[in-house]
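# Survey of secondary and tertiary structure
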Amino acid sequence: VDHTCFFNMVEHESSSCRFLLPLESNEVAYIQYRIQDDGVWECYHTEVPESQRGQGLGGVLAKELFRYAEENSIKLNLTCTYLIYYLTKHPEYSNVVQQ
């Protein structure tokens, strides 16, 4: 599946602390985070509607989150199991994860 068309559709909705991807089905896939007292983002939930799972949309969101963190010098605390798994497949983003 070619995901390039999705990357420019990911929106960072800072007011609600999430990265979201609007889908044709009028649903959204998203990553939710909260900003800790030390300024680190705790990324605690990735959600893809059941009807859209298995297409790599979580990965599209994760890549955009990590890229954004890298570009903006933000450290991430991953408590979402999907994002922890994603990082094992993409260790090039480990520099943005709080050790």
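Up top is the structure.
Model, not experiment: these values are computed from the prediction.

## Description of the side chain of Q52
Turning to its location among the elements, Q52 is positioned in the loop between strand 4 (41-47) and helix 2 (57-71). Apart from residues no more than four positions distant in its own chain, Q52 is found in contact with L23, S25, E27 and L57.

## Quick look at the pattern of salt bridges
Charged atoms that come close allow side chains of opposite charge to pair. According to the stated counting rule, one finds five salt bridges in the structure shown. E42 serves as the salt-bridge partner of R34, at 2.7 Å between the closest nitrogen and oxygen. With a relative accessible area of 15%, E42 lands in the buried category. E64 is the salt-bridge partner of R67, the closest N and O atoms lying 2.6 Å from each other. With a gap of three residues between them, R67 and E64 both fall in helix 2, about one helical turn apart. Under the relative-accessibility criterion, R67 is labelled partly exposed at 32%. By relative accessible area, E64 is classed as buried at 11%. One network of salt bridges, in which partners are shared, links E64, R67 and E71.

## Focus on the sheet that holds strand 4
One open sheet accounts for five strands, arranged 1-2-3-4-5; its pairing is mixed. Looking at the sheet topology across the chains shown, the edges are occupied by strand 1 (11-13) and strand 5 (76-78). Between one strand and the next, the sheet's axes are offset by a mean angle of 30 degrees, whatever the strand orientation. Sheet topology places strand 4 next to strand 5; three bridges connect them, and they run parallel. Each residue of the ladder has a partner; that of C43, found in strand 5, is L78. Each of strand 1, strand 2 (18-22), strand 3 (28-35), strand 4 and strand 5 touches helix 2; the most contacted strand, strand 2, lies at about 140 degrees to it.

## Here we look at the environment of G56
Relative to the elements of secondary structure, G56 occurs in the loop between strand 4 and helix 2. In sequence terms G56 and V10 are 46 residues apart; their C-alpha atoms lie 13 Å from each other.

## Observations concerning the nonpolar core
Core analysis: the largest hydrophobic core is formed by 28 residues, its most contacted members being F66, L76 and L83. Ranked by residues supplied to this core, first place goes to helix 2 with seven residues. Setting aside its immediate chain neighbours within four residues, L83 contacts I31, C43, T46, A62, L65, F66 and L78.

## Looking at the packing of helix 2 against helix 3 (residues 81-89)
In contact at an axis separation of 11 Å, helix 2 and helix 3 are set at 75 degrees when each is read in the N-to-C sense. Our classification of the angle between helix 2 and helix 3 gives roughly perpendicular. Contact with helix 2, carried on its side by G58, G59, A62, K63, L65 and F66, involves Y82, L83, Y86 and L87 of helix 3 and no other residues of that element.

Cut-offs and rules
- The numbering scheme is per chain: residues are counted from 1 as the chain's sequence reads.
- pLDDT decides what is reported in this predicted model: residues at 70 or higher carry local features, side-chain atom pairs at 80 or more are listed and counted, and totals for whole chains, interfaces and linings draw on all residues regardless.
- Hydrogens and water are ignored here; the side-chain numbers use all heavy atoms of the structure.
- The helix count covers DSSP runs of H or I at least four residues long, the strand count covers runs of E at least two residues long, and both are numbered beginning at the N terminus.
- Any two residues whose heavy atoms approach within 4.5 Å at even a single point are treated as in contact.
- Within this document, salt bridges are pairs made up of a side-chain nitrogen of Lys or Arg and a carboxyl oxygen of Asp or Glu, the two lying within 4 Å of each other.
- The rule is simple: take the accessible area with a 1.4 Å probe, protein chains only, and divide by the maximum for that residue type; under 20% is buried, over 50% is exposed, in between is partly exposed.
- Only strands joined by at least two bridges in the DSSP assignment are considered to pair.
- Every axis corresponds to a line fitted to the C-alpha atoms, with the helix fit spanning only the stretch in contact, and the corresponding angles, defined between N-to-C directions, vary from 0 to 180 degrees.
- Definition of nonpolar core: a set of buried residues of the types Ala, Val, Leu, Ile, Met, Phe, Trp, Tyr and Cys, connected through side-chain atoms within 4.5 Å.
- Here is the rule for angles: anything less than 35 degrees is roughly parallel, anything more than 145 is roughly antiparallel, 65 through 115 is roughly perpendicular, and the remaining ranges are oblique.

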